[in-house]
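The lines below spell out each chain.
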Amino acid sequence: MSKFLAQKLNTLKPYVPGEQPKDAQYIKLNTNENPYSPSKYSVDAIDREQIEKLKLYSDPESFNLRTAIANYYNVNLQNIIVGNGSDEILAFIFAAYGECGVVFPDITYGFYRVFANLYGVKYDAIPLTDDYKIDVNDYEKANKTVIIANPNAQTGDYLTLIQIEELLKNNRENVVVIDEAYIDFGGESAVKLIDKYENLIVVQTFSKSRSLAGARVGFAVASSALIADLNAVKNSFNPYNVNRLSALLAEKAIKDKEYFIQNCNKIIATRKRLVENLKSLGFFVIPSKANFIMTKTEKISGERLYLQLKERGVLVRYFSDERIKNFVRITIGTDEQTNILIAKIKEIIGE
Ligand code: PMP
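Fair warning: this is a prediction, and the values are worked out from it, not measured in the lab.

Participant: When you look at the sheet that holds strand 10 (residues 292–296) in this model, what are you seeing that I'm missing?
Facilitator: Adjacent strands of a sheet form backbone hydrogen bonds with each other and so pair up, either parallel or antiparallel. Taken in spatial order, the three strands make up an open sheet running 9-10-12, and their pairing is antiparallel. Edge positions in the sheet fall to strand 9 (284–285) and strand 12 (328–331), since each of these pairs with one other strand and no more. The pairing of strand 10 with strand 12 spans four bridges and is antiparallel. Within the sheet, the bridge partner assigned to Phe292 lies in strand 12 and is Thr331.

And the structure:
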């Protein structure tokens, strides 16, 4: 750090993304990307004409993309804001609703803590239950902004809409954010509750179920008043936050429902098969409705399994946090990738 850095930023603990190796060809199951290609409608939309148009700024209102999302979810245009990845939307949320403090689970998406530190927001991290679940009763009358990833990051644990409603009913005086980065792999979205709860913000991304992680597009759906707040933050930070090409890619992707459903179903089926295989090898797997699973075994430590898999060309994610240090997190890949993963695991544990 230089001597010029603002003092309040001296203690920043930036987010550490999963490895993106450049040196070797790994089977990459460490950052919850989608193994399938983006929709061909997205890919075909990027032609010379679109590239030529890069000389012009992108639409600050992202009208076409927001219209496509509004049609998909049957909501109004003023219920939607788009961002440069859902990380940017989350940053806007911390800036807008951090003053009263925030609350989230102890094991969840690591960026919530990072944003809290960046914006000087006080936070409480509420422990998951012993079986790695979120107990909504722990969030009753939080009087702080509640942020829940559903399915939860790192565990894949899922709250039903009934549980989400319970959370909302008990938190009418504060904002409740449901981060649905992984909702399309078997969960039910809370978007349908936005008319009923004016304090609800649902955040989603094109990075996972729509294979556009590198395009960086995310969005939030909420009451028009909350979206107006977030727009005020956005327009005070970066009015052209979604670039032309990414907006077009995302617009085409959300219109291609058939391909989207097909890929989500493939990932769900592969997840089921991977879980069955791991269980038959004696692994414990946290039930997951995401495109990843958390698993552990007494036969080998999480860190060793991660290192041994890496040596054999398969990258998974290891977290050293106390409560999950025995686990590895494995992104659901294609069937072929999963077959290799299972074969390597068998080799490592000597089955
Ligand atoms: N929320 C959760 C729970 C995530 O796991 C991620 C991705 N790591 C994000 C949000 C951010 O996704 P993106 O910025 O790619 O939309």
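Participant: Help me out: how do you make sense of the site of the ligand in this one?
Facilitator: In the vicinity of the ligand, the contacting residues are Gly85, Ser86, Asp87, Tyr109, Ala153, Asp179, Ala181, Tyr182, Thr205, Ser207, Lys208 and Arg216. The contact in question runs from a nitrogen atom of the ligand to an N or O atom on the side chain of Asp179, over 2.6 Å. Contact distances for the ligand include 2.6 Å between an oxygen atom and a side-chain N or O atom of Ser207. Protein burial of the ligand: of its 400 Å² of free accessible surface, 91% is covered by the chains. Tallied by class, residues from the shell around the ligand come to four nonpolar, four polar and four charged.

Participant: Mind showing me how you'd approach the sheet that holds strand 6 (residues 176–179) here?
Facilitator: Pairing is mixed in the open sheet, where seven strands are placed in the order 2-8-7-6-5-3-4. The open sheet has two free edges, formed respectively by strand 2 (80–83) and strand 4 (123–126), since each of these has just one partner strand. Averaged over all pairs of adjacent strands, the angle between strand axes in this sheet comes to 20°, irrespective of strand direction. In terms of strand pairing, strand 2 meets strand 8 (residues 218–222) through four bridges, oriented antiparallel. Residue Gly83 lies in a different strand from strand 8, and its bridge partner there is Gly218. Against the sheet, helix 4 (residues 86–97) contacts strand 2, strand 3 (102–105), strand 5 (145–149), strand 6, strand 7 (200–205) and strand 8, and its axis sits at roughly 155° relative to strand 7.

Participant: Explanation requested: the packing of helix 4 against helix 5 (residues 111–119) in the structure shown.
Facilitator: The description of two helices packed together rests on the angle between their axes and the distance between the axes. In contact at an axis separation of 10 Å, helix 4 and helix 5 are set at 45° when each is read in the N-to-C sense. Between helix 4 and helix 5, the crossing angle belongs to the class labelled oblique. When the axes of helix 4 and helix 5 are compared, the crossing they make is right-handed. For the pair helix 4 and helix 5, the contacting residues are Asp87, Leu90, Ala91, Phe94 and Ala95 in the first and Phe111, Tyr112, Phe115, Ala116 and Tyr119 in the second.

Participant: Is there a simple way to explain the domain arrangement of the chain in this structure?
Facilitator: Size of an interface: often given as the accessible area lost when the parts come together. Each assigned domain of the chain is listed here: domain 1 (9–37 + 258–350) and domain 2 (40–255). For domain 1 and domain 2, the distance between their C-alpha centroids amounts to 24 Å. Contacts between domain 1 and domain 2 engage 32 residues on the former and 33 residues on the latter. Summing both sides of the interface, domain 1 and domain 2 together bury roughly 2,500 Å²; the carbon and sulfur share of this comes to 61%. In terms of surface lost to domain 2, no three residues of domain 1 exceed Phe260, Lys289 and Arg323, which account for 30% of the buried area on that side. Our count for the domain 1 to domain 2 interface comes out at one salt bridge. As a salt-bridge pair, Arg323 and Asp106 come within 3.0 Å of each other at their nearest N and O atoms. In this structure, the connection of domain 1 to domain 2 is made through ten residue pairs in polar contact (both at pLDDT 80 or more). When contributions to the side of domain 1 that touches domain 2 are tallied by element, the ones reaching two or more residues are helix 9 (257–280) and strand 10. A per-element tally of the side of domain 1 that touches domain 2 places helix 9 first, with six residues.

Cut-off values and rules
Residues numbered from 1 in each chain as written. Predicted model: local features only at pLDDT ≥ 70, side-chain atom pairs only at ≥ 80, totals over all residues. Heavy atoms only, no water. Pairing = 2+ DSSP bridges. Helix = DSSP H or I, 4+ residues; strand = E, 2+ residues; numbered from the N terminus. Near = heavy atom within 4 Å. Polar contact = N/O pair within 3.5 Å; in protein donor to acceptor, adjacent residues only side chain to side chain. Areas by Shrake-Rupley, 256 points an atom, 1.4 Å probe, with all protein chains shown as cover. Nonpolar A, V, L, I, M, F, W, Y, C, P; charged D, E, K, R; others polar. Axes fitted to C-alpha atoms, helices over the stretch in contact; angles between N-to-C directions. Contact = heavy atoms within 4.5 Å. Parallel < 35°, antiparallel > 145°, perpendicular 65-115°, else oblique. Left-handed = near helix turned anticlockwise from the far one by under 90°. Domains from an automatic or database assignment. Buried area = accessible area lost by both parts, 1.4 Å probe. Salt bridge = Lys/Arg side-chain N within 4 Å of Asp/Glu carboxyl O.

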